[in-house]
Amino acid sequence: MLRVALFASLLYSAMAMCPSGFELTHNGECHKQDARSYDMYAPNGASLAKSECAPQNAIPVYIKNQEDNDYWTSVARADRASWGGASAYGNILLGIECSKSYPYYKWIDGSDIDYYPDGTDSTINNQCEQNGDFCMWYLNPIDGAWVKVCNQYQYVDIYCVIPHAPNPYQIDEYCGEFGHDESDSVCCQVGAVPANWTEANTVCRSFGGQIASFHNAQENLFIRRMAVRRGLVNGLIIGATTDQMSNFTWADGSDSDFNNFAPGFPIYGLGECVAMETNNLNGPWINLDCSTELPFACIREEQGSPPECDGTLRAEGDILMSPGFPFNSSVPCDFILKVDPGMLVEVEILYLEANTCCDHLVLTEGSLGGTVIADLTGESSNGRKFRTTSQNVMRASWQPEGGVNVKGMMITFNAVP
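What you see as residue numbers is a count from 1 along each chain, following the sequence as written. Reporting in this predicted model follows two pLDDT cut-offs: at least 70 for local features of residues, and 80 or more for side-chain atom pairs to be given and counted; totals over whole chains, interfaces and linings ignore these cut-offs and use all residues. Where side-chain values are given, they derive from all heavy atoms of the structure, hydrogens and water being excluded.

In the nomenclature of an unreviewed UniProt entry, the protein is known as CUB domain-containing protein of Pristionchus fissidentatus.

Structural data, given as structure tokens:
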């Protein structure tokens, strides 16, 4: 059984996007309700909300487009409904304040208000008080308009928002999240978590590549330098295997037209798999036992990508990802997971990052129309497991509604009695 840490550590960190107490809800942003139906004196509104959110590296609600406004209106309506529809409740305080340096209303993060919904007080774009603003703005749950109140008390909800952070992974024009040796068409990546040869090969294939093969010294040295930059100086599994006659072949079936074995290697009896000595400038190879666990190297062709959604049956142990993972999660996809008759399907959630407003991973019994086993959203990287109750088939359905600024899902599965 492949270990969870291998997958999440190959190309990205599986650290949670949202800190404790916050929830991944919309547009890849983390939200937390800081105060519910707070009777706020308008002159203090924006500054108090700002001070409440700041220690959490967050800011009050900001709205940049109609989609944002629709989302926050739905939140406001749900909150008002929880109060029995009472008109005093469900008003969401907006992070709008009067800029002291330039006396016009701005968002608290300093950005301009370049969108506001129909029905909003036109003074949103007017000059505000020179010596301090005596008003605050909130979103009305009824129609989604923004309302200004001045010199009075108003019940408001304060939400703190951690804005979506840009994707931290460097994207190459030709190789995506893999490294690019510009001297040829090979894209490379190094997995730092130790794995045996079989595990390494499976992980590489799951990202649309192969465990690394080399056909010239340039490719060999590029991978060796990539490993050293990551501190991997104690060896690296590569895609060659040897036989009793000291011949070697590549796992991807390519020609054995480049040989970089260390002098005297391969040595019969040491093992049938091959690793690179990364502590040597030339990156020579040695053979070793295939159960040896070391970091490993993957390659794929330029413009390669993880497998697309093709609707085929998946085999036990496969690593399944939403199309475009981890850079685009907008494409829906259904996976049919099947194990031997008489067994049950057990799915392990390796990684899930989905907006709770919109995106879901739905697991159902059987191939079509079965009972829902789990409807998952938000964040997860703790290896949660779900299984069928009576069938040897499960459908895993990635159902994004936009999949905005989130990575999507990565799962694997196996048979259990």
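A. Representation of the pattern of salt bridges within the structure. Salt bridges are defined as contacts in which a side-chain nitrogen from Lys or Arg sits within 4 Å of a carboxyl oxygen from Asp or Glu. By the definition in use, this model includes six salt bridges. Across the pair K50 and E97 runs a salt bridge, and its minimum N-O distance is 3.6 Å. With K50 in helix α2 (residues 45-53) and E97 in strand β5 (residues 96-98), this pair connects stretches of sequence that are 47 residues apart. We classify K50 as partly exposed; its relative accessible area is 36%. Residues R387 and E346 are paired through a salt bridge, measuring 2.7 Å at the closest nitrogen-oxygen approach. Of this pair, R387 sits in strand β25 (residues 385-387) while E346 sits in strand β21 (residues 344-354), and the two are 41 residues apart along the sequence. We count a stretch as a helix when DSSP gives it H or I for four or more residues in a row; a strand needs E for two or more, and each element gets its number in order from the N terminus. Relative accessibility under 20% of the residue-type maximum defines a buried residue, over 50% an exposed one, and the middle range a partly exposed one, all with a 1.4 Å probe and only protein chains included.

B. Expanded view of the nonpolar core. The nonpolar core is taken to be a set of buried Ala, Val, Leu, Ile, Met, Phe, Trp, Tyr and Cys residues, with the residues joined through side-chain atoms within 4.5 Å. Ranked by size, the top nonpolar core spans 24 residues in total, and within it I63, W72, L94, I96 and W146 carry the most contacts. The dominant element in this core, judged by the number of residues it contributes, is helix α3 (residues 66-82), at four residues. Note on contacts: a residue pair qualifies if any of its non-hydrogen atoms lie within 4.5 Å across the two residues. The contact partners of L94, leaving out residues within four places of it in the chain, are V61, I63, W107, W137, Y138, L139 and W146.

C. Just the state of the cysteines, in detail. Put simply, a disulfide is two cysteine sulfurs that come within 2.5 Å. Under the definition given, this model contains six disulfides. Each disulfide pairs two cysteine sulfurs, and for C204 the partner residue is C298, the sulfurs being separated by 2.0 Å. In this structure, the disulfide formed by C204 and C298 twists by about -75° around the S-S bond and is classed as left-handed. Pair noted here: C204 is in helix α4 (residues 197-206) and C298 is in strand β17 (residues 294-301), with a separation of 94 residues, a long-range link. You'll find C204 and C298 in the same group, each marked buried. Left without a disulfide partner, C188 is nearest to the cysteine sulfur of C187, which lies 7.1 Å away. Accessibility expressed as a relative area gives 4% for C188, which makes it buried.

D. Main features of the environment of I349. Position of I349 among the secondary structure elements: in strand β21. Judged by relative accessible area, which is 0%, I349 ranks as buried. C-alpha separation for the pair I349 and I411, spaced 62 residues apart in sequence, amounts to 4.8 Å. For I349, the residues in contact, after removing those within four places along its chain, are L361, L376, S380, G383, R384, F386, M410 and I411.

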